[in-house]
Amino acid sequence: MKGSVQYKESTGKYYPVIYDRETKKHKWGKGHRSPREADRELRSMLRKYDSGAISFGKKDTFEAVYKEFDETVIPERYKSEGQRRTIRGNFRKHILPVFGNVRVDQIRQRDIQRFMHDMTVDKVIIENGVKKSVQAPASPATKHKVLQGLNAFFETCIKWGMIAREENPCEGIELQSAAITVPEVWSEEDLSFFLASDIVKQSTYYLALLIIATTGLSRSEACGLKWSLWNGTYFILDQGVDAYGNVTDMKTPFRKRRAELMPFVAEQVQKHQKRQRMIARAIDGAECFPEYVLTDNMNRPLKADAISKNFKKLCRNLNADGANLPDIPLKNLRHTFASFMIYDDVNIRIVADALGHSRTSTTQNYYQGMAKKSMHRTEVIRIGEKLFSDTNRSSLEKPLESAQ
């Protein structure tokens, strides 16, 4: 093993370099302003090589490094099981088939840019009444998610001494901005009809749907509601439960908040609490009170996926009976609640707090279409009140009377 400090005129910096005789391969460290700083890092790199933290040759293939990344970094970096499944799925479906056998230090920015440009996804289309799977260009949103995973991987490679910081191939990648679309929501009449229908009120998932639709909680947050944090009129949110039943932390500190309940909803929660006690006595002969609020007829916690599936099923059944409810996913009940607040000109900070957004810009960007419509309507009413006030109306109506 050899090591030296080299000066690059193009950058005006000193770089530590180690050289492996067996593989005839160099590894460069980051640039420094003085040779003393570069020499200090060189000694550190040599120690890492001796301990095995820096390796050369076949061990540096993308797939080999990813196995270590998957085992040690992903479980620590990503909080929920859903996030871990998503990142692993992106590597398995998109990244490993392209870069698996390539050495990590040989991947360049141009390679990542070409990979992003050529990325495709499986898409199901209906052709002549038959479902058919075809390859379609990946959406900007998908590309951004894949790039985030790639960047996390290469940042880890930098920390492990496999590439220099200046050689991160994800830096400077050009991608289209993900389109911000206004989510489809229900009107007040749609939501009122849905919640008032007998088929919904008799469902095991009625309370879950009622809470989500009237608080703006996500399904994970709703499944994580606990009786220990119930105050009679509101819940304190401090955890979620993912689609696989695993307890997860909130994504940001702002997601830990108070969920205020409407009086009617609070009454339904109290009724459900009494129902849980009756079920506990019937099953165990004693009052073994459940920890979670949303439970089934056996006091077992509801799963997030089950709520989503039953919501779609209830909507289909109602529409089959003649209703005309727009086809929306469960998460759009959260957007529906936000739209009611936006249309009622509620302060954007209050809307952001209710939804758990850390920045009002997130709320404004996501619901900008609704906000614009609301502002437009408000301004039209305001101008109309000026134009057609009682004073102006009398003068406007005089020409009409004289014309008659």
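The paragraphs below set out a description of the structure included in this document. Please read all numbers here as calculations on a predicted model, not as lab measurements.

1. Some details on the nonpolar core
Buried together is how nonpolar side chains tend to be arranged in soluble globular proteins.
Part 1 of the argument: Counting 45 residues, the largest nonpolar core has W186, F194, L209, I307, F311 and L333 as its most contacted members.
Part 2 of the argument: Ranked by the residues each element gives to this core, the list is headed by helix α9 (residues 206–215), at eight residues.
Part 3 of the argument: For L333, the contacting residues outside a window of four places in its chain are W186, L191, L209, I212, A213, F311 and I328.
Part 4 of the argument: Counting residues in hydrophobic clusters, the runner-up holds 30 residues, among them F69, I112, V146 and C170.

2. A closer look at the packing of aromatic side chains
Part 1 of the argument: If you walk through the whole model with that rule in mind, you get 20 aromatic pairs.
Part 2 of the argument: Considering the side-chain rings of F62 and F91, the 6.3 Å spacing of their centres and the 35° angle between planes classify their relative orientation as tilted. Of the two residues, F62 sits in helix α2 (residues 62–72) while F91 sits in helix α4 (residues 81–99), which places them 29 residues apart along the sequence. Here F62 matches F91 in class, with each residue buried.
Part 3 of the argument: Here the aromatic cluster, defined as three or more aromatic residues joined through ring pairs, consists of F62, Y66, F69, F91, F99, F115, F153 and F154.
Part 4 of the argument: Above the face of the Y15 ring, K8 is positioned so that its terminal group lies 4.8 Å from the ring centre.

3. Here we look at the side chain of Q276
Part 1 of the argument: Relative to the assigned elements, Q276 resides in helix α11 (residues 263–284).
Part 2 of the argument: Here the side chain of Q276 touches T295 through a polar contact of 2.7 Å, side chain to side chain.
Part 3 of the argument: Leaving out residues up to four positions away in the same chain, Q276 has contacts with W227, F289, P290, Y292, V293, T295 and N299.

4. Some words on the pattern of salt bridges
Part 1 of the argument: Taken as a whole and assessed by the stated rule, the structure comprises twelve salt bridges.
Part 2 of the argument: For D118, the salt bridge goes to R114, with nearest N and O atoms at 3.4 Å. Of this pair, D118 and R114 both sit in helix α5 (residues 109–118), four residues apart, which is roughly one turn of the helix.
Part 3 of the argument: When its relative accessible area of 42% is taken as the criterion, D118 is described as partly exposed.
Part 4 of the argument: One salt bridge in this structure joins D353 and R349, with 2.8 Å as the shortest N-O distance. With D353 and R349 both in helix α14 (residues 348–355), this residue pair falls four residues apart, about one helical turn.

5. Looking at the environment of G31
Part 1 of the argument: Mapped onto the elements, G31 comes out in the loop between β3 (25–28) and α1 (35–51).
Part 2 of the argument: A sequence separation of 17 residues divides G31 from Y14, and the C-alpha atoms of the two residues are 5.3 Å apart.
Part 3 of the argument: With sequence-adjacent residues up to four places away left out, G31 is seen in contact with K13, Y14, Y15 and E166.

6. Considerations on unusual backbone geometry
Part 1 of the argument: Its identity as a non-glycine residue notwithstanding, N299 has a phi of 65°, on the positive side.
Part 2 of the argument: Note on placement: N299 falls in the loop between α11 and α12 (304–320).

7. Details of a negative patch on the surface
Part 1 of the argument: A contiguous patch of negative charge on the surface is contributed by E188, E189, D344 and D345.
Part 2 of the argument: The topology assignment puts D344 in the loop between α13 (331–343) and α14.

8. A closer look at helix α6 (residues 140–159)
Part 1 of the argument: Taking 1.5 Å of rise per residue, the 20 residues of α6 would be expected to cover 28 Å, and the 29 Å separating its terminal C-alpha atoms lies within 8% of that figure.
Part 2 of the argument: Listed as buried for α6 are K143, V146, L147, G149, L150, A152, F153, F154, E155, T156, C157 and I158.
Part 3 of the argument: One or two steps after α6, the chain reaches G161, where phi turns positive at roughly 80°.

9. Some points on α13
Part 1 of the argument: For α13, with 13 residues, the first-to-last C-alpha span of 19 Å sits near the 18 Å given by 1.5 Å per residue.
Part 2 of the argument: Most of α13 is tucked away, with eleven of its 13 residues classed as buried.
Part 3 of the argument: All of the buried residues along α13 are N332, L333, R334, H335, T336, F337, A338, S339, F340, M341 and I342.
Part 4 of the argument: At the C-terminal side of α13, D345 shows a positive phi close to 60°.

10. Some details on the pairing of strand β1 (residues 2–8)
Part 1 of the argument: Pairing geometry for β1 and strand β2 (residues 13–20), over seven bridges, is antiparallel. Its bridge partner lying in β2, S4 is registered against V17.
Part 2 of the argument: What sits between the antiparallel neighbours β1 and β2 is a turn of four residues, in which G12 has the positive phi angle 70°.

Conventions adopted
- Residues numbered from 1 in each chain as written.
- Predicted model: local features only at pLDDT ≥ 70, side-chain atom pairs only at ≥ 80, totals over all residues.
- Heavy atoms only, no water.
- Core = buried A, V, L, I, M, F, W, Y, C linked by side-chain atoms within 4.5 Å.
- Buried < 20%, exposed > 50% of the residue type's maximum accessible area, 1.4 Å probe, protein only.
- Helix = DSSP H or I, 4+ residues; strand = E, 2+ residues; numbered from the N terminus.
- Contact = heavy atoms within 4.5 Å.
- Phe/Tyr/Trp six-rings, centres within 6.5 Å; stacked < 30°, edge-to-face > 60°.
- Lys NZ or Arg CZ within 6 Å of the ring centre and 35° of its normal.
- Polar contact = N/O pair within 3.5 Å; in protein donor to acceptor, adjacent residues only side chain to side chain.
- Salt bridge = Lys/Arg side-chain N within 4 Å of Asp/Glu carboxyl O.
- Patch = residues over 30% accessible without salt bridge, like charges linked within 9 Å, V, L, I, M, F, W, Y side chains within 5 Å.
- Areas by Shrake-Rupley, 256 points an atom, 1.4 Å probe, with all protein chains shown as cover.
- Lys, Arg positive; Asp, Glu negative; His and termini not counted.
- Charge placed at Lys NZ, Arg CZ, Asp CG, Glu CD.
- Expected span 1.5 Å × (residues − 1).
- Pairing = 2+ DSSP bridges.

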